[in-house]
Amino acid sequence: MTRLKVAVIGAGNWGRNHVRSLAALPEADVAAVCDLDQSVREAMARQYPGTLVTDSVDKALEAAEAVVVATPAVEHPKLASAAIERGLPVLVEKPFALSVKEATQMAELGASRGVPILVGHLLVFHPVVERLKAMIGAGDLGQIYYLYSQRVNLGQVRPDENALWSFGPHDVSVALELLGQAPTKVAAHGKSYLQPGVEDVVFMTMEFASGVMAHVQMSWLDPHKERRLTVVGSSKMVVFDDMQAREKLKVYDKGVDRPPEYGSYGESLTVRQGDISIPLVPGGEPLKAELRHFVRVARGEEEPRQTAEDGVTVVRILEAATESLSRGGTLVDMTTGAEV
Ligand SMILES: NC(=O)c1ccc[n+]([C@@H]2O[C@H](COP(=O)([O-])OP(=O)(O)OC[C@H]3O[C@@H](n4cnc5c(N)ncnc54)[C@H](O)[C@@H]3O)[C@@H](O)[C@H]2O)c1
């Protein structure tokens, strides 16, 4: 089979990983790398001799059969729309856009032209998240009570998007993937310490109609680097620690049980301290899995696992969280936008 010609627009800190991963995929070729920054272009030209490296989006699109947009989010709508207008399938990095309006316009453009859009919600392609989803789907954890994730580290401090928009798409997309539902209410509390109006630290809570609560802690102003998700169910609890090189997933056979004969008396609750097990989850780079999937999407062999609609939903949640941030952390109703 011939290799799919893919152009990468934006080859900065993250986009260069797309270029590297695509170059290593047997089913794809890097048709072009487009970046406005001359030093980035020079580095790319040195690393990938023979590849078209350009500052012209048009030239990059001309050379491509599919496109990855990995510029800062503010540029996503313009660049993704240019690709869609040419009928080119596009992978748009997270966050899909910085407003529901722009996200919806991209989704509608893709739908009207019949051009597939994949949103770069990377963690959905993480083998541990896939395993976790299968465990929850099989009922292994019992009824899901709540989950929380911590995504904190020191830097990279962004000038144009706050910690919520920079980190939030990861945790929100994972929560939606695991729970299979969108929240009904959202609240976010945060503070800007380094740059006025750009929150460095955000604590966000989502409430779901099922009664599940999901909490996300995000910061680029923290002494620790944490990438941890805890899911608490009625039968079992799990911790996904992405900072571990191995044994990223731990399953705790722990809980609080209520024998049926005791009704609702608190004193009848018994704490269960069972085994801790470590499922063997095959490794694998999520970015490679995402890009392999993108190639199949572009060839019409698979439907996008993270569609433009998923992108819009995540942006809608982040927009509601932004509204809550501006109101000092009050709960925002996702359907009406009103304070609850
Ligand atoms: N999926 C993930 O895990 C992950 C991780 C990091 C960043 N990201 C996302 O990837 C995107 C890029 O982030 P980054 O950290 O690489 O940013 P960056 O600032 O390091 O790089 C962006 C690059 O895009 C280039 N650029 C900007 N506008 C352009 C345009 N109109 N045409 C061509 N090039 C243009 C810049 O010159 C720069 O080299 C963001 O949306 C970010 O949120 C995703």
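Residues numbered from 1 in each chain as written. Predicted model: local features only at pLDDT ≥ 70, side-chain atom pairs only at ≥ 80, totals over all residues. Heavy atoms only, no water.

Moving on, we come to the overall build of the protein. Within the protein, the secondary structure is distributed over nine helices and 15 strands. Over its C-alpha trace the protein gives a radius of gyration of 21 Å, about what one expects of a compact globule, namely 20 Å for 340 residues. With the principal axes as the frame, the protein shows a C-alpha extent of 70 × 45 × 40 Å. A separation of at least 24 residues holds for 65% of the contacts in the protein among residues at least 6 apart in sequence. Between the mean site of the 35 positive side-chain charges and the mean site of the 44 negative ones, the protein shows a separation of 4 Å. (Helix = DSSP H or I, 4+ residues; strand = E, 2+ residues; numbered from the N terminus. Rg over C-alpha atoms; globule rule 2.2 N^0.38 Å. Contact = heavy atoms within 4.5 Å. Lys, Arg positive; Asp, Glu negative; His and termini not counted. Charge placed at Lys NZ, Arg CZ, Asp CG, Glu CD.)

Let us look at the sheet that holds strand β12 (residues 237-241). One open sheet accounts for nine strands, arranged β14-β13-β12-β11-β7-β10-β9-β8-β15; its pairing is mixed. This sheet does not close on itself; its edge strands, each paired only once, are β14 (270-277) and β15 (332-333). Sheet analysis places strand β7 (residues 144-154) next to strand β11 (residues 221-233), joined by nine bridges and oriented antiparallel. Counterpart to Tyr148 in the pairing with β11 is Thr230. Where helix α7 (residues 163-179) meets the sheet, its contacts fall on β7, β9 (201-207), β10 (213-219) and β11, and the angle it forms with β7 comes to roughly 155 degrees. (Pairing = 2+ DSSP bridges. Axes fitted to C-alpha atoms, helices over the stretch in contact; angles between N-to-C directions.)

You can see Thr71 is positioned in the loop between β4 (66-69) and α4 (76-85). In contact with Thr71, other than residues within four places in its own chain, are Ile9, Gly10, His76 and Leu79.

The next subject is the environment of Ala338. Within the secondary structure layout, Ala338 lies in the segment after β15. Here Ala338 falls in the partly exposed class, since its relative accessible area comes to 34%. Spatially, the C-alpha atom of Ala338 lies 44 Å from that of Asp55, the residues being 283 residues apart in sequence. Those residues in contact with Ala338 that lie beyond four places of it in its chain are Arg327, Leu331, Val332 and Asp333. (Buried < 20%, exposed > 50% of the residue type's maximum accessible area, 1.4 Å probe, protein only.)

Taking 1.5 Å per residue as the helical rise, helix α5 (residues 100-113) with its 14 residues ought to reach 20 Å, and the 20 Å between its terminal C-alpha atoms agrees with that figure. Those residues of α5 lying buried are Val100, Ala103, Met106, Ala107, Leu109 and Gly110. Looking at the buried residues of α5, the elements they touch are α4, β6 (117-120) and α9 (308-326). (Expected span 1.5 Å × (residues − 1).)

To continue, consider the sheet that holds strand β3 (residues 52-54). Ordered in space as β3-β2-β1-β4-β5-β6, the six strands form an open sheet in which the pairing is parallel. Single-partner strands in this sheet number two, and they are β3 and β6. When the angles between neighbouring strand axes are averaged without regard to direction, this sheet yields 20 degrees. As defined by bridge partners, strand β1 (residues 4-9) adjoins strand β2 (residues 28-34) across six bridges and the pair is classed as parallel.

As a further point, take the site of the ligand. Around the ligand, 27 residues are found, and the nearest of them are Trp14, Asp35, Glu75, Lys94 and Arg158. Between the ligand and Leu36, the relevant distance is 3.4 Å, taken from a nitrogen atom to a main-chain nitrogen or oxygen of the residue. The backbone of Lys94 places a nitrogen or oxygen atom 2.9 Å from an oxygen atom of the ligand. Against a free-state accessible area of 850 Å², the protein chains account for coverage of 86% of the ligand. (Near = heavy atom within 4 Å. Polar contact = N/O pair within 3.5 Å; in protein donor to acceptor, adjacent residues only side chain to side chain. Areas by Shrake-Rupley, 256 points an atom, 1.4 Å probe, with all protein chains shown as cover.)

Phe96, Met204, Met206 and Val231 are the most contacted members of the largest nonpolar core, which has 75 residues in total. Looking at this core, the element that brings in the most residues is α7, giving 10 residues. Residues from two domains meet in this core; each of domain 1 (4-121 + 286-317) and domain 2 (124-284 + 319-333) gives at least three. The residues contacting Val231, other than those within four sequence positions of it, are Leu132, Ile136, Leu141, Ile144, Tyr146, Leu147, Leu178, Lys236, Met237 and Val238. Residues Val8, Ala28, Val33 and Leu122 belong to the second largest nonpolar core, which totals 25 residues. (Core = buried A, V, L, I, M, F, W, Y, C linked by side-chain atoms within 4.5 Å. Domains from an automatic or database assignment.)

For the rest of this paragraph, the subject is a nonpolar patch on the surface. Taken together, Leu154, Val157, Tyr193, Leu194 and Leu221 make up a surface patch of nonpolar side chains, about 500 Å² in accessible area. One can find Val157 in the loop between β7 and α7. Judged by relative accessible area, Val157 falls into the partly exposed class, the value being 37%. (Patch = residues over 30% accessible without salt bridge, like charges linked within 9 Å, V, L, I, M, F, W, Y side chains within 5 Å. Salt bridge = Lys/Arg side-chain N within 4 Å of Asp/Glu carboxyl O.)

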